[in-house]
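Results of the structural survey
The chain contents come next:
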Amino acid sequence: MNWFTETLETSLGRQVQIEYKKILTSSHSDFQHLEVFETVPYGKMLVLDGVIQLTEFDHFAYHEMLIHVPMNAHSNPKSLLIVGGGDGGALAEAVKYPSLETIILCEIDKTVIDVSRKHFPEFDKAFDDKRVTVIIRDAAEYIKHKTNAFDVIAIDSSDPIGPAEILFQEAFYRDVFSALTEDGVAVSQSESMYYHQDFIAELFAQNKTIFPVNEYYYTLVPTYPSGTIGFSFCSRSSGPTTHLQADRVAELTGLRYYSEAIHRSAFVLPVFLRDKLAR
Ligand code: SPM
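Predicted model, so just to flag it, every value in this text is computed and none were measured. (Residues numbered from 1 in each chain as written. Predicted model: local features only at pLDDT ≥ 70, side-chain atom pairs only at ≥ 80, totals over all residues. Heavy atoms only, no water.)

**Considerations on the site of the ligand**
Near the ligand, the surroundings consist of 16 residues, among which His63, Asp87, Asp156, Asp159 and Glu191 are the closest. Side-chain polar atom of glutamine 53 to a nitrogen atom of the ligand: 3.5 Å apart, as the coordinates give it. With respect to the ligand, the side chain of aspartate 87 contributes an N or O atom lying 2.6 Å from a nitrogen atom. If you list the elements that add at least two residues to the shell around the ligand, you get strand S5 (51-55) and helix H1 (59-73). Broken down by element, the shell around the ligand gets its largest block of residues, three residues, from S5. Of the residues assigned to the shell around the ligand, the class counts are seven nonpolar, five polar and four charged. Three or more residues apiece are contributed to the shell around the ligand by two domains, here domain 1 (2-53) and domain 2 (59-278). (Near = heavy atom within 4 Å. Polar contact = N/O pair within 3.5 Å; in protein donor to acceptor, adjacent residues only side chain to side chain. Helix = DSSP H or I, 4+ residues; strand = E, 2+ residues; numbered from the N terminus. Nonpolar A, V, L, I, M, F, W, Y, C, P; charged D, E, K, R; others polar. Domains from an automatic or database assignment.)

Laid out in structure tokens, this is it:
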């Protein structure tokens, strides 16, 4: 038997292990090590620098919540920036909105796009949508030159180590604030409420000095450590459910996780995290 082991948390006495049939690709880009596994229980799995990014089994719970929550928190989003997201999973959800006129995907590592387009055909079509522009660049640099440009920004980063570290820092979030339109909304991958409470609390303390609205919401992804991952919801004006409308959600096709009820409930936090973020 072959076992993939995610060693990110090993020093803390825990590991994720998944049995695989074969390694479909393994290569080094200028930024990271990329692998795609054919797993026994979860279909194909994308791994960057030894950390699971997505599996065919449960990626929808992550990508739907990354895109549909901010899109439905905004009254009428016409422009979207996806930071990272080179695998195309977030893009596949974004192109479901006919109201979007501009969708920019800014990914630092073109190899992630090339590898994913080959191995995850479920996402591939989204790259050909006429509204989509792919920019291969460090998003932290790209966003510095943008003002009042995007209604929604979705930060689909890997973990805050390696190439994505900068995407969790104050300077970047200040640039995100400026890049948003006046009623703009940004969300970002923000770790597990079970395993990274201190990190989440620090991130919130930082972002409270930038955005008038800051909330944490979460989704359930069995193949991420602890089975859950959360997002920071940062808004320049409205709250996460201010503009939420059941009829807009009902127009979305192919949903497996997101619904109007899930949108509302995802912001209801367990007491331990609610109290930690209230301090
Ligand atoms: N489009 C999929 C990209 C996924 N980005 C988030 C990956 C997070 C992986 N780590 C999970 C949390 C452990 N620190």
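**Brief notes about the sheet that holds strand S3 (residues 33-39)**
Here we have five strands laid out as an open sheet, ordered S1-S2-S3-S4-S5, and antiparallel in their pairing. Every interior strand has two partners, whereas the edge strands, strand S1 (2-6) and S5, have only one. Each strand axis lies, on average, 45 degrees off the axis of its neighbour in the sheet, ignoring direction. Examined bridge by bridge, strand S2 (residues 16-28) and S3 share seven bridges and lie antiparallel to one another. Counted as the bridge partner of serine 26 is glutamate 35 from S3. In the packing of helix H3 (residues 110-119) onto the sheet, contacts are made with S2, S3 and strand S4 (44-48), and the angle to S3 comes to roughly 15 degrees. (Pairing = 2+ DSSP bridges. Axes fitted to C-alpha atoms, helices over the stretch in contact; angles between N-to-C directions. Contact = heavy atoms within 4.5 Å.)

**Focus on the pairing of strand S9 (residues 150-156)**
Within S9, seven of the seven residues are buried, which leaves the element mostly enclosed by the surrounding structure. Direction of pairing for strand S6 (residues 79-84) relative to S9: parallel, over a ladder of five bridges. Bridge assignment links glycine 84 to a residue of S9, and that residue is aspartate 156. Pairing between S9 and strand S10 (residues 180-189): five bridges, direction parallel. Opposite isoleucine 153, over in S10, you have alanine 186 as the bridge partner. Remark: the S9/helix H6 (residues 170-179)/S10 crossover connection has right-handed handedness. (Buried < 20%, exposed > 50% of the residue type's maximum accessible area, 1.4 Å probe, protein only. Right-handed = clockwise from strand over helix to strand, strands pointing away.)

**Some words on the domain arrangement of the chain**
Looking at the chain, the domain boundaries give domain 1 (2-53) and domain 2 (59-278). One C-alpha centre belongs to domain 1, the other to domain 2, and the line joining them spans 23 Å. Listed as interface residues are 23 residues of domain 1 and, on the opposing side, 19 residues of domain 2. Buried surface at the junction of domain 1 and domain 2, summed over both partners, amounts to about 1800 Å²; 66% is from carbon and sulfur atoms. Per-residue buried area on domain 1 facing domain 2 is highest for Phe31, Leu46 and Gln53; these three make up 26% of the total on that side. On the surface where domain 1 and domain 2 come into contact, there are zero salt bridges. On inspection of domain 1 and its partner domain 2, the count reaches five residue pairs in polar contact (both at pLDDT 80 or more). (Buried area = accessible area lost by both parts, 1.4 Å probe. Salt bridge = Lys/Arg side-chain N within 4 Å of Asp/Glu carboxyl O.)

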